[in-house]
Amino acid sequence: MCETDEQLAGALWPHLLDAVAAGEQRVVLDSPHRGRVVLVSEEELLRLEAAAREAEARASGVLPTAREAEVLQLIAEGLNGSQVAGRLGVSAHTVAQHLATVRRKYGVRSSTAAVDAARRAGHLPG
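Residues numbered from 1 in each chain as written. Predicted model: local features only at pLDDT ≥ 70, side-chain atom pairs only at ≥ 80, totals over all residues. Heavy atoms only, no water.

Quick word on the pairing of strand β1 (residues 26-31)
Taken together, the 6 bridges between β1 and strand β2 (residues 35-40) define a ladder with antiparallel strand orientation. By the bridge assignment for β2, Val 27 is matched with Leu 39. Following β1, the chain reverses through 3 residues before pairing antiparallel with β2. (Pairing = 2+ DSSP bridges. Helix = DSSP H or I, 4+ residues; strand = E, 2+ residues; numbered from the N terminus.)

Rendered as structure tokens:
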């Protein structure tokens, strides 16, 4: 039995490295003195943060307007901003404004991420 946290860490380190090398996204360690410790990969952390932002958006009632959802759907279909503008009969600036608004609503930095967030939130067909 390990007497100190340092000894415990030394004993667990090889197992932690093996788990990471095997592709684990999360490693849970239970310390008798400090409770549970969860280590996550950067990819998993980003996914968890995005899920938290989406849950917050759903809880706050933030929804895209019908036009914003329409713009997102066309982006999801592979159209660029100019093509979306032509299809909807609006200016490219208007499309850019809709995209900026939905990126802000979902707390993401790209229109592709906004499409993904809207799908996961159930605001666009999957």
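Things to note about the environment of Ala 121
Secondary-structure assignment places Ala 121 in the segment after α6 (111-120). Taking relative accessible area as the criterion, Ala 121 reaches 14% and is therefore assigned buried. Between the C-alpha atom of Ala 121 and that of Glu 68, which follows or precedes it by 53 residues, the distance is 14 Å. (Buried < 20%, exposed > 50% of the residue type's maximum accessible area, 1.4 Å probe, protein only.)

Overview of helix α5 (residues 92-106)
Its 15 residues place the ends of α5 21 Å apart at the C-alpha level, agreeing with the 21 Å of an ideal helix rising 1.5 Å per residue. Among all positions in α5, only Val 95, His 98, Leu 99, Val 102 and Tyr 106 are buried. Seen from one end, α5 has its buried residues packed into an arc of 95°, which puts them on one side. Set apart from the buried face of α5 by more than 90 degrees, the exposed residues are His 93 and Arg 104. Gly 107, located one to two residues past α5, shows a positive phi value of around 70°. (Expected span 1.5 Å × (residues − 1). Arc of directions from axis to C-beta.)

Just geometry here; none of it tells us what the structure is for.
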